[in-house]
Amino acid sequence: MNADPTTTLTEAATPHARHASVSGGDPAQPQGALNELDHGPNTLDATIVLPCYNEGPHVLLELERITQAMDASGFRYELLVIDDKSTDNTLEVLQEALPRFPRMRLMPFQRNGGSGTARRIGSAEAYGRIVVWTDSDMTYPNERIPEFIQYLIDHPETDQVVGARTTEQGTHKFLRVPAKWVIRKVAETLAGTKIPDLNSGLRAFRRDVSLPYLRLLPPGFSCVTTITLSFLSNQHTVDYLPIDYAKRAGTSKFHFVRDAYRYILQVLRMVMYFNPIKVLMPLALILLGVGFVKAIVDVVIYFFRITTNSLLLIVTGLLIASVALLADLIVRSRAD
């Protein structure tokens, strides 16, 4: 007995999938006819991963905006919508919308995992050669998604293209702008390159290039920072396209203190993961320099005696330098 196309489970159709998803039809066929044998990674031009959490009042508008732009582009695509265990009617709205959007695939989570978890799982199970990340809160110009996909097609040397926001419309604007600037400058220093927008939610990248880095993605908002630094730290070319940024629809899930703290920690964590010497060695050299200078001063002032503080500075600097060299050795000997 044949299954109804609107209720076919992806994990039953494809061995690679680990999470159940419901399709409104085959994303490769405009008519929505299901062909299970054609489903799998790299069978489509692009997958748009769209995490949703309590976006019920406006999610249909976002779906319409994305599908209209993609249908007009001529790309073979799927719209992978992930409901992150919403507490409003988002899931019901998405389920009712399935017949209207034949290229939409709905993946409902059984518990809330965060936007990073949704993007990680969506990217791993995408059928498209190019994966697009965006938000469902009406902030990003999602009608420009085909432009990002075309950019990667036209520039084979580029592995990721990021939408660099020209304005800031989020909550706590007077706090977010300077905090983001500081975090971005820290990331630029550690990554050794200019980063116009470190945590933009609109980006497109090559799925095969991203696969080794997906396991590094944290569950929260800093996943966008992680994927940027992962590519940059491994010498993948990341380009930027300027975009407008609108005021979000609904209630923001961003918590300034908590998420800003996570952003800076994630920047340090990623650089430590790929290039620990860049984080640890400057600190070690500063401590050693201060310690040696103070030791010379001690010799002059205290008649060839060195104080405990000077010794502690020197020993601490040597310990941190040793850890930096050991961490660098581990990174360079790592298989990935």
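Remember, it's a predicted structure, so these values are computed and weren't measured experimentally.

Asker: Now, about the overall build of the protein chain: what can you tell me, with residues and values included?
Answerer: Counting secondary structure elements, the protein chain contains 11 helices and 8 strands. Among the 336 residues that make up the protein chain, the fraction classed as buried is 51%. Sequence separation of 24 or more characterises 76% of the internal contacts of the protein chain that already satisfy a separation of 6 or more. Carbon and sulfur atoms make up 62% of the accessible area of the protein chain, which totals about 16,100 Å².

Asker: Can you explain the pairing of strand β6 (residues 160–165)? Please cite residues and give values.
Answerer: A regular strand carries its side chains on alternate faces of the sheet. Within β6, 6 of the 6 residues are buried, which leaves it mostly tucked inside the rest of the structure. Side-chain alternation along β6 places Gln 160, Val 162 and Ala 164 on one buried face and Val 161, Gly 163 and Arg 165 on a second face that is also buried. Relative to strand β7 (residues 203–206), β6 is paired through 3 bridges, and the arrangement is antiparallel. What sits directly across from Gln 160, in β7, is Phe 205.

Asker: Tell me about the sheet that holds strand β4 (residues 104–108), and name the residues and values.
Answerer: Reading across from one edge, β1-β4-β3-β2-β5-β7-β6-β8 is the order of the 8 strands in this open sheet, with mixed pairing throughout. Unpaired on one side and paired on the other, β1 (22–23) and β8 (238–243) mark the two borders of the sheet. The strands touched by helix α2 (residues 59–73) are β2 (44–52), β3 (77–83) and β4; relative to β3, the strand with the most contacts, the crossing angle is about 165°.

Asker: Residue-level account of the environment of Asp 83, with values.
Answerer: By the secondary structure assignment, Asp 83 is in strand β3. The contact partners of Asp 83, leaving out residues within four places of it in the chain, are Cys 52, Thr 90, Leu 91, Leu 94, Met 107, Pro 108 and Phe 109.

Asker: Please provide a residue-by-residue account of the packing of α2 against helix α5 (residues 145–154), values included.
Answerer: Running from amino to carboxyl end, α2 crosses α5 at an angle of 45°, the nearest separation of the two axes being 8 Å. It follows from the interaxial angle that α2 and α5 lie oblique. Seen from α2, the contacting residues are Ile 66, Ala 69, Met 70 and Ser 73; seen from α5, they are Ile 145, Pro 146 and Ile 149. Here the residues of the contact of α2 with α5 sort into 6 nonpolar, 1 polar and no charged.

Asker: Summarise a nonpolar patch on the surface; cite the residues concerned and give the values.
Answerer: Taken together, Val 293, Ile 296, Val 297, Val 300, Ile 301 and Tyr 302 make up a surface patch of nonpolar side chains, about 580 Å² in accessible area. For Val 293, a relative accessible area of 53% corresponds to the exposed category.

Asker: Break down the pairing of β3 for me, with residues and values.
Answerer: In terms of residue burial, β3 counts as a mostly covered element, since 7 of its 7 residues are buried. Burial along β3 is two-sided: the residues Tyr 77, Leu 79, Val 81 and Asp 83 and Glu 78, Leu 80 and Ile 82 are all buried. Pairing of β2 with β3, which is carried by 7 bridges, proceeds in the parallel orientation. Of the residues in β3, the one forming a bridge with Ala 46 is Tyr 77. Judged from the 5 bridges that link them, β3 and β4 form a sheet pairing that is parallel. Paired with Val 81 across the strands is Leu 106, a residue of β4. What joins β3 to β4 is helix α3 (residues 90–97), and the crossover it makes is right-handed.

Asker: Tell me about helix α8 (residues 223–233), and name the residues and values.
Answerer: For α8, a buried count of 10 out of 11 residues is recorded, marking the element as mostly surrounded by other parts of the structure. In the stretch just after α8, Gln 235 is the one whose phi turns positive, near 65°.

Asker: With reference to specific residues and values, describe the packing of α2 against α3.
Answerer: It is the contact of α2 with α3, at a shortest axis distance of 10 Å, that shows an interaxial angle of 40°. In terms of axis orientation, α2 runs oblique to α3. Handedness of the α2/α3 crossing: right-handed. Contacts from Val 59, Leu 60 and Leu 63 of α2 reach α3 at Val 93, Leu 94 and Ala 97. Grouping the constituent residues of the contact of α2 with α3 by class yields 6 nonpolar, no polar and no charged.

Asker: Describe the packing of aromatic side chains, listing the residues and the values that go with them.
Answerer: Per the counting criterion, the structure on display carries 6 aromatic pairs. The interplanar angle of 90° and the centroid separation of 5.2 Å between the aromatic rings of Trp 133 and Phe 205 together place this pair among those described as edge-to-face. Placement of the pair is Trp 133 in strand β5 (residues 128–133) and Phe 205 in strand β7, with a sequence separation of 72 residues. The class for Phe 205 is buried, based on a relative accessible area of 0%. Geometrically, the ring pair formed by Phe 205 and Phe 231 is edge-to-face, given 6.1 Å between the ring centres and 65° between the ring planes. In this pair, Phe 205 sits in strand β7 while Phe 231 sits in helix α8, placing the two residues 26 residues apart along the sequence.

Asker: Describe the confidence of the model for the protein chain, and please don't skip the residues or the numbers.
Answerer: With 82% of its residues at a pLDDT of 70 or more, the protein chain has an overall mean of 85. Predicted confidence is poor over residues 1–16, with pLDDT under 50, and the contacts of this stretch with residues over four places away or in other chains come to 37 contacts.

Conventions and cut-offs
- Residues numbered from 1 in each chain as written.
- Predicted model: local features only at pLDDT ≥ 70, side-chain atom pairs only at ≥ 80, totals over all residues.
- Heavy atoms only, no water.
- Helix = DSSP H or I, 4+ residues; strand = E, 2+ residues; numbered from the N terminus.
- Buried < 20%, exposed > 50% of the residue type's maximum accessible area, 1.4 Å probe, protein only.
- Contact = heavy atoms within 4.5 Å.
- Areas by Shrake-Rupley, 256 points an atom, 1.4 Å probe, with all protein chains shown as cover.
- Pairing = 2+ DSSP bridges.
- Axes fitted to C-alpha atoms, helices over the stretch in contact; angles between N-to-C directions.
- Parallel < 35°, antiparallel > 145°, perpendicular 65-115°, else oblique.
- Nonpolar A, V, L, I, M, F, W, Y, C, P; charged D, E, K, R; others polar.
- Patch = residues over 30% accessible without salt bridge, like charges linked within 9 Å, V, L, I, M, F, W, Y side chains within 5 Å.
- Salt bridge = Lys/Arg side-chain N within 4 Å of Asp/Glu carboxyl O.
- Right-handed = clockwise from strand over helix to strand, strands pointing away.
- Left-handed = near helix turned anticlockwise from the far one by under 90°.
- Phe/Tyr/Trp six-rings, centres within 6.5 Å; stacked < 30°, edge-to-face > 60°.
- pLDDT = per-residue confidence, 0-100.

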